[in-house]
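# Understanding the architecture of this molecule
Listed here are the chains, written in short residue letters.
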Amino acid sequence: MATKHNLTAPEFNQKSLVEEWLATYFKSDFLKVLKKHWREFVLVVFQSYDDPAHEERLANKFLLHPLEYFLCNGDPEVVFRQLKEVDQPSQLCGHVFKTGEPTYSCRECATDPTCVLCMDCFQASVHKKHRYRMSTSGGGGYCDCGDPEAWKSEVFCENHKPKTGTNNVQNSIEKLPNDLVNRSSAVLLACLGYAVQMLTWDQCDTLPDNLQPEGELSDTYLCMLFNDEVHTYEQVISTLQKAVDCTHKAAVDYATTVDREGRSAVKCGTYAECERVRGQVERNTSRHGSKALKVQVMHSAVVAHQQFALRLIQWLQNIIGQSDGLRQLFCMLSMQHETNAQSLMEMLLLADTQLWKIARVQSHQLMMAGVLMDQECKKRFSIIFTKNYSSLTRDFIQDDHYRTFSVTNITVQIFTVPSLARLLVSEHNLLSVILKTFLETCEEKKKDGKLSFERTSSPTFKRACFSLHDLKYALICKPSPGEWTDQLRRSFLEGYTYFLELLKLMEGMDAVKRQTGQHLEFEPEWEGAFNLQLKLEDNIVLFLDWCASDREVLIQSYNKTVEAFNACKNLDAIKKESCTVAGRQAECLKYDVETQPISIHLPVTRVLAGLHTYLGDHFLSFESTDCHLMRPVAADLLEFPLRVQVMVAQSNANMWRRNGYALINQIFFYHNVKCRTEMYDRDVVMLQIAASMMDNNEYLLQLIHKYKLANWTKEDFDRQTGQEDSLRQTVLLAEEFLSLLIVILGERFIAGVGEVSKEDIVRREVIHQLCISPLAHSELAKALPEDTNHETGLENVVKDVATFKKLSPATGKGRYELKPEFYAYYNPYFYHYTKGDKSKSEEMQVKRRKENNQLQALPPPVPPKFRPMFLPVMGLLQCDIMIYVIELVLARAAEVRSRSLSETQLERVLHLIGMGLHEQKRAIEEGNRQFDFLTRICTPSSLHSKAKKEPGRSIQTLLEKIMSSNNITHDSIRDLVIWTVKTITEVRQMKNEPVAMEKENAMVAPRDVKAEAARRKKQVAAEKRRMKIMAQMSAMQKNFIKENSELFENTSTELFPRIGSDMDISDAGSSSFPVAVGCKQTRPSLSPPQLATCILCQEEQEITLTSKAIVLTAFVQKSTVLSLHHGNALLNGDLFDPLFMRSDLPTGTHTSSCGHMMHAGCWQSFFDNILARERRRPLRFRHNYSHDIEKMEFLCPLCECICNTVIPVLPSVSTLGQESSVDKLQLSFADWLDGIHKTVLNSIREPGSVDSRSRLTVYEVCPLVTITRQMAGSVAQNFQALWAYMSVPTSDVSEETKEMLRKFSRDAYSFGLGVEVDDDNPRVPIMLWNTCAFSLMAIEQQLRDDGKPLFGQLSSRHSDCLRSLVQVASTYTQIVSPNQSNMHCIRLLSFLFPDSFKNKDNEPPMCILDVELFHYLVAIVMSLPSLLRGDAELLKVYQGIGSVPPPGGINHQYALQLVLAVHLIQVLLTFDQENCGMEVDGDYEGEALLILYDHIHTIANVPQQNTPLPWQLSLHVRRSMLPLLRCVALLFHYWTGIPSPAELSDVEGEMKEFDAVCKYLGVNDHMSRLLDNQGEILDSMVNRWCKNSLLKERLSAASQSVVQYPLRINKLIELPYDYSELINKVSTFTCPKSDGDDSRAPTMCLVCGQMLCSQSYCCQTEFEGVTVGAATEHAYKCGAGAGIFLRVRECQILLLAGRTKGCFVPPPYIDDYGETDQGLRRGNPLHLCKDSYAYLQKLWMSHAIPETIAHSLESNATLLTIDWQHL
Ligand SMILES: [Zn+2]
Ligand SMILES: [Zn+2]
Ligand SMILES: [Zn+2]
Ligand SMILES: [Zn+2]
Ligand SMILES: [Zn+2]
Ligand SMILES: [Zn+2]
Ligand SMILES: [Zn+2]
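Residues numbered from 1 in each chain as written. Chains lettered and ligands numbered in written order. Predicted model: local features only at pLDDT ≥ 70, side-chain atom pairs only at ≥ 80, totals over all residues. Heavy atoms only, no water.

Protein coordination of the zinc ion (ligand 6) is provided by Cys1631 (SG), Cys1653 (SG), Cys1658 (SG) and Cys1659 (SG), with donor distances spanning 2.1 to 2.3 Å. Of note is the zinc ion (ligand 6), whose 4 donor atoms meet at the metal with angles of 101 to 126° in an arrangement that counts as tetrahedral. Linear spacing of the donor residues for the zinc ion (ligand 6) on their chain is C-x21-C-x4-C-C. With Cys1631 in the loop between α59 (1619-1627) and β22 (1641-1645) and Cys1659 in the loop between β23 (1651-1654) and β24 (1661-1663), this residue pair connects regions lying 28 residues apart in the sequence. On the accessibility criterion, Cys1631 (2% relative accessible area) is buried. (Donors = N, O, S within 2.8 Å, 3.2 Å for Na, K, Ca; no water. Tetrahedral: all angles 85-135°; square planar, octahedral: opposite > 155°, others 65-115°. Helix = DSSP H or I, 4+ residues; strand = E, 2+ residues; numbered from the N terminus. Buried < 20%, exposed > 50% of the residue type's maximum accessible area, 1.4 Å probe, protein only.)

So this is what it looks like as structure tokens:
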């Protein structure tokens, strides 16, 4: 954008300017001096945006060079070099990461996960051999190599290792010459001062004092548009198009600049003009109440100075990078106090949110390069930063830029340095500063003293939450005991107090009330609280760690927490009521969970629980006198966590179902691995704490009361009457209650509660996860909680307990299986199991035990010991209420019938007894006489009134009774009873109590007799039931088969099922070798009728030309898979001439089929239905399909494979007719060639020749007689006979079949060229031949690539498709378009007879190296036989003429021979001596070829470097010609139906195959014979071909486009083994369109290796009238529409097809556990998996991209919403 009048530079002399500066800089304010110069020149330099390079030149000349010369007082280059030499290289790497650059963190040595290495350092470090994590940088951070605080060990990489002897640290400023220091100080200070002033300058049309130019400011203004994160790209673009009246492209450019740099001038003009634009943009964007886009009208002079200020910031970075001394000097100056007590650095810092994006980025970089590179500077900077933390954060919250563009993001650089963090926490109250700032934002969310969130999350609160990250950084390195000072304690505790304030705001938030009657109308908001909880989790853990590391701090924080807890509990107001069970009574709080509000958020209570577990570590107790530990009231501690447990229990008993999903979700997250550590787990601990502090009986009474189970504990409960509904609830609640007891007593794998180590805890988690099922590494890792460093500790323990079993040796994917000895640790009541986990794990364990013939009981494992503080919990087991409850449940179980008992209750009680017995064993071993569970269960108790009626009843006797009862239906519970009774005996023996032996025997007996009887009875009943069901089923099945009999018999997905495989039809020629072409052709045996079954109507029918037409589903697509040069796919087919396929195969037409057939009519109505359905759909939904109906796409009705057309299936030729008297024909190759030659000569009329009025060459077949007249009599007769054959009349082909022939050719034409349908277009038959040729070639290459034999290995869907293609192509040519094909035939032939053009200019500009000969051959053999057939003369002689000529006749034989001759010349001319095989002896063929080789090279006048050896040549010729011969063999096999020789169904080596193929095709296997003695005509043709001037050009050294033979099989590009290499490669990749900018989604084409800037506006282009992304565009240019890409940052494969469709598939990179990592979330090192890459390679080669996409879209509807075309 040019301004109206260009300013020109005033006179300028650098030398005198610098001298002037030198003379004055120390006398006065240097900035003032500089401004005098800048006042004029800045406006000259920065006056246009058009030409950045020009601007840069001027800036250097007028502004920057003078500064550098002044600073150096001489040549800057020399001076800076001198400075560098005395510099001490920094031992910090400090490499600043760009977005997307790979970073590495060592999981063993890094202080925390934010400590990272750059690729270079990592490669040169020992961490490479440790366990490391790879990730990509979000931009902005730097490499920590060399920072002793970042690494626990191995601080330096090889490159940054300190050199010995250079350890004299010295102030680098002192090393600078004094005068340089003076000058630099002046420059640095002035420039920074100016930059800060100008960047923060907020007036639009005036300049600071000394910069205001003389006179009036001109009326040139700029309309400046600023970016925000509110408006979308589209909104900005459309607004600009209207307001500025510019093109879409220009608007996109503006929008891109705004997005990248933060602002862009969109209009330049007078003030009034710019104001108008501003008004319009604001009006346009402020509609619908949203915030308007920010636009400012600024004077161009102001903008110019700001541009210069920005440039100066960059320049400063460069200058201070020149020397350590300069950098230190800069730091010192920038942080020294200026006026009003602020340093320049501080001013820049505080102005952050006033700056636009690029200005921010530059200033942050200056900060990083300047002050963060040096410990001392960094320290000073962080103090300044902390001082201003609050206002910086406030600014950030109000701002709308992403965190990456905020200076607050720098916290990750300074707060994570342990020494700095310690200093800031201790001396600058960092924790309080952060928390106070956060609490301020919480104010607005407060309601009734608690936080309360709305459904729509507020962006400001979200932004405020970044402070919680800062808090984590500050806490992440906890002090070791020796590091605590009084000051640190004081400021930490102050911070902790604020933290408690925050937690108090959450305690009790989002309380819910049980809903009765009707469902909740509105689901209450619950996510906000959980989001905050998630963000706080790490902080809670870290605070607890800090508290635990110092005794004094622990005491004080404990007391503060108790106070906070007391402050928010308000329990005193609640009334009490008493609860009595078994004569024991307790006063309980009257708070009904069923009717009163309950909150799941109890962070204060939980922190208290956390702190409590540490008391033991410091030997603290409430009784100890050396501290003043406040004792909380145990009943109060119990209350809140208990309420939550009761609520969960009630919810499990279905009592809360009217509260909807909000409650279900809360309960889910409460237990989920992400939250449970600081929620559920802490609640369990709190329940244990309360149990350890309370009387055991009272504790249980409290629980029973809260669960409302007092009634259930009454002995006569069974006899009460009541509603069944409430009874069921009570039974379920009792089960829940018992399992809570199991958890409270049994869960001891908790730090501080049981005698366990960290590893023990993780190990137990792993064991229980693997008891559910074997798991892959990532699945296991996901199931475990992460610590604050995102580590699960999995790797340390998993090898002890599990073996990694590989499922597939190739990919290495595998799963961990638990080692058998660890099953003993399995606990079905493991508290982290969900209901589903529990039942799955039980099932698996029971099954395993059954298989091993063990008891099916799942008894409790032996738990670890409680730590001393928690030992009182054990008292619960033997207290009266517990014994009473156990006995109660057992007594009910022993009854014949009990209405309140469930087997689950029994199972849980047995589990409790089992735990008691384990403890009893331990007590006996330890000699602990106080614990006497055994006595309590073996002696009759007096707790039950009933017991008095049954003297001697005890738990033990009840158990024995149960064992003999028949009530138990579960084997595992019955076995658990047996286990329990056995264990009691064991324990009694341990205690030396006498146990009667007969009693032990009696134990098993009941099961054998009574139980067995009961079981048998049940079994018989079950068997009867089963038989009945079976009978019913079988009856139903019979009916079904009867009704669908046809379907059962006829459903076959194979075409020609009666023919069977290709091999089966070979009976006829089994004795002799089959020959497909020429006079020795094997007579095709008459094949049986071919049958097909329609998949739509299930009708079977014979395939003939006259019956109902049968079609095969098909998909036609353009393809570049065989292309030898990438990137030039056919884009515009309108004017393209497809007759000659270029030898490098740029774009072919591929046809494939899933092999399913139906009636043409059935298909038509099926397809019409789809169209009708589509028409009924609203317009906006039309594209939401896995297939594009506008492109005629549909899914196969049977297999849902994508299709876009159908191929008619025709009867095989052998059933149609025979060539008449072929045997009698006596025509030599030379005679044939002569006849053809004459035909061509007579059929071409060139422009300017006598009889041609056209300006184009006309190709029109001449009458046969014209040719025969020029021949000898016998030759003429034979030549004439060549065109005559008997066969079925044309009229017999049904109209329907013809229509289907037309349909397929129409589609092959339109999809193959990408053009509109046009039935009359002469190119239609060509496209049919081409797709036939191309599909055959593609199959040939696939077979070759797989190392499979040519025949016998193709799936039926492939062979059906190819057979139909070949037959359709020939039939169409003969029946539908003989005239068009004749014309093409003459044109094709004329290429080989260059003399047919009298005027050289009319010759096509091609040489024989340019044409792909298989395509050529297919076209010739399809069109040639009918060339002269319609001749009137012939019709007179032979009657019944006019149908399909049979394949493989003389015409075909000689055409093949001719084409092979041409191919031989191609091969000989392009021979390259490299890659020759083993020497073969006595090769006469080689000698003959060598003669030809010399001959041809001589004619062509091409110099031969080294004459090859004969054997080399012979080998090369056969190897190179084999692919073409293989294609021809496939062609004639499918065409003639003549069986293939057995030799070609085996892989026997190239040479044997070569001989067999030649024999099959009736071709002499001595290739030299193709050219030897074949007559004058051929010799002269060869002569002409080789003399073609283009040929020499192609072969010249400069040309690289010459195609080599054998044709190379295309592969996807090679990928590196280590994935980080790729990431590193793309980190240096920049967007090719916006110079030097990072690309957001670098995407690599796997076909050609090109890197693209995908999914970004900068690289969108117009294509076919729509905007498409770089990948879509490339897919067109490189893959003719289909593309396969690797999205490098996401580590996923992208498939694209048909512009609007795509899908992602897993990448070929896996970690050591054989798993992929899409999105690089886990960060394990990844390496290439050869097998998966081979799979992708195959997918691409077999043209399966569209099919894969359609399947994947069909199965995953969310993929349809992705805007694939913009990728
Ligand atoms: Zn580095
Ligand atoms: Zn390094
Ligand atoms: Zn390491
Ligand atoms: Zn049908
Ligand atoms: Zn199908
Ligand atoms: Zn781009
Ligand atoms: Zn490509």
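From this point, things continue past the structure.
Once that is clear, we can look at the pattern of salt bridges. In total, this model carries 74 salt bridges according to the counting rule given. A salt bridge links Asp486 to Arg489, with the nearest nitrogen and oxygen atoms 3.0 Å apart. With a gap of 3 residues between them, Asp486 and Arg489 both fall in helix α21 (residues 486-506), about one helical turn apart. Taking the relative accessible area as the measure of exposure, Asp486 reaches 55% and is therefore exposed. (Salt bridge = Lys/Arg side-chain N within 4 Å of Asp/Glu carboxyl O.)

Before going further, it helps to spend a moment on the sheet that holds strand β3 (residues 221-226). The antiparallel open sheet is built from 3 strands, whose spatial order is β4-β3-β5. This sheet does not close on itself; its edge strands, each paired only once, are β4 (263-269) and β5 (295-299). Pairs of neighbouring strands in the sheet enclose a mean axial angle of 30°, with direction left out of account. In the sheet, β3 pairs with β4 via 6 bridges, with the strands oriented antiparallel. Along β4, the bridge assignment pairs Tyr221 with Gly269. (Pairing = 2+ DSSP bridges. Axes fitted to C-alpha atoms, helices over the stretch in contact; angles between N-to-C directions.)

Turning our attention to the pairing of strand β15 (residues 1148-1152). The buried fraction of β15 amounts to 4 of the 5 residues, a majority that puts the element mostly inside the structure. Both strand β14 (residues 1110-1119) and β15 contribute to a ladder of 5 bridges, which runs antiparallel. Bridge pairing links Gln1117 to His1150 in β15.

Time to look at the sheet that holds β23. The 5 strands are arranged β23-β22-β26-β27-β28 in an open sheet whose pairing can be described as antiparallel. Of all the strands in the sheet, the pair left with one neighbour each is β23 and β28 (1701-1705). Averaged over all adjacent pairs, the angle separating strand axes in this sheet is 30°, with direction ignored. Here strand β26 (residues 1683-1687) runs beside strand β27 (residues 1692-1697); their pairing, made up of 5 bridges, is antiparallel. Looking at the pairing, Phe1685 lines up with Leu1694 of β27. Across the sheet, helix α60 (residues 1670-1679) is in contact with β22, β23, β26 and β27; its angle to β23 comes to roughly 140°. (Contact = heavy atoms within 4.5 Å.)

Glancing now at the packing of aromatic side chains. Applying the stated criterion across every chain yields a total of 61 aromatic pairs. Where Trp38 meets Phe308, the ring centres are 5.0 Å apart and the plane angle is 75°; that geometry is what we call edge-to-face. Separated by 270 residues along the polypeptide, Trp38 in helix α2 (residues 30-45) and Phe308 in helix α10 (residues 300-320) bring together distant segments of the chain. No difference in accessibility class separates Trp38 from Phe308, as the two residues are buried. Ring geometry for Tyr558 versus Phe622: centroids 6.1 Å apart, planes at 50°, classification tilted. On the criterion of sequence distance, the pair formed by Tyr558 in helix α23 (residues 551-569) and Phe622 in the loop between α24 (603-615) and α25 (634-652) is long-range, its members being 64 residues apart. Judged by relative accessible area, which is 17%, Phe622 ranks as buried. Taken together, Trp484, Phe492, Tyr496, Phe499, Phe543 and Trp546 form an aromatic cluster joined through their ring pairs. (Phe/Tyr/Trp six-rings, centres within 6.5 Å; stacked < 30°, edge-to-face > 60°.)

With that out of the way, let us pick up the packing of helix α44 (residues 1229-1243) against helix α57 (residues 1576-1587). Two numbers describe how α44 lies on α57: the axes approach to 8 Å, and their chain directions differ by 60°. Relative to α57, α44 is oriented oblique. Residues Phe1229, Ala1230, Leu1233, Asp1234 and His1237 of α44 form the contact with α57, whose own contacting residues are Ile1577, Leu1578 and Met1581. For the contact of α44 with α57, a count of residues per class yields 6 nonpolar, 1 polar and 1 charged. (Parallel < 35°, antiparallel > 145°, perpendicular 65-115°, else oblique. Nonpolar A, V, L, I, M, F, W, Y, C, P; charged D, E, K, R; others polar.)

Tetrahedral coordination by four donors puts the ideal angle at the metal at 109.5 degrees, and octahedral coordination by six puts it at 90 or 180 degrees. Distances from the zinc ion (ligand 3) to its protein donors, namely Cys106 (SG), Cys109 (SG), His127 (ND1) and His130 (ND1), fall within the range 2.0 to 2.3 Å. Geometry at the zinc ion (ligand 3) is tetrahedral, judged from its 4 donor atoms and the angles of 101 to 119° they form at the metal. The sequence pattern formed by the donor residues of the zinc ion (ligand 3) is C-x2-C-x17-H-x2-H. Note that Cys109 is positioned in the loop between β1 (102-106) and α5 (119-123) and His127 in the loop between α5 and β2 (132-136), a separation of 18 residues in sequence. Note on accessibility: Cys109 and His127 belong to one class, buried.

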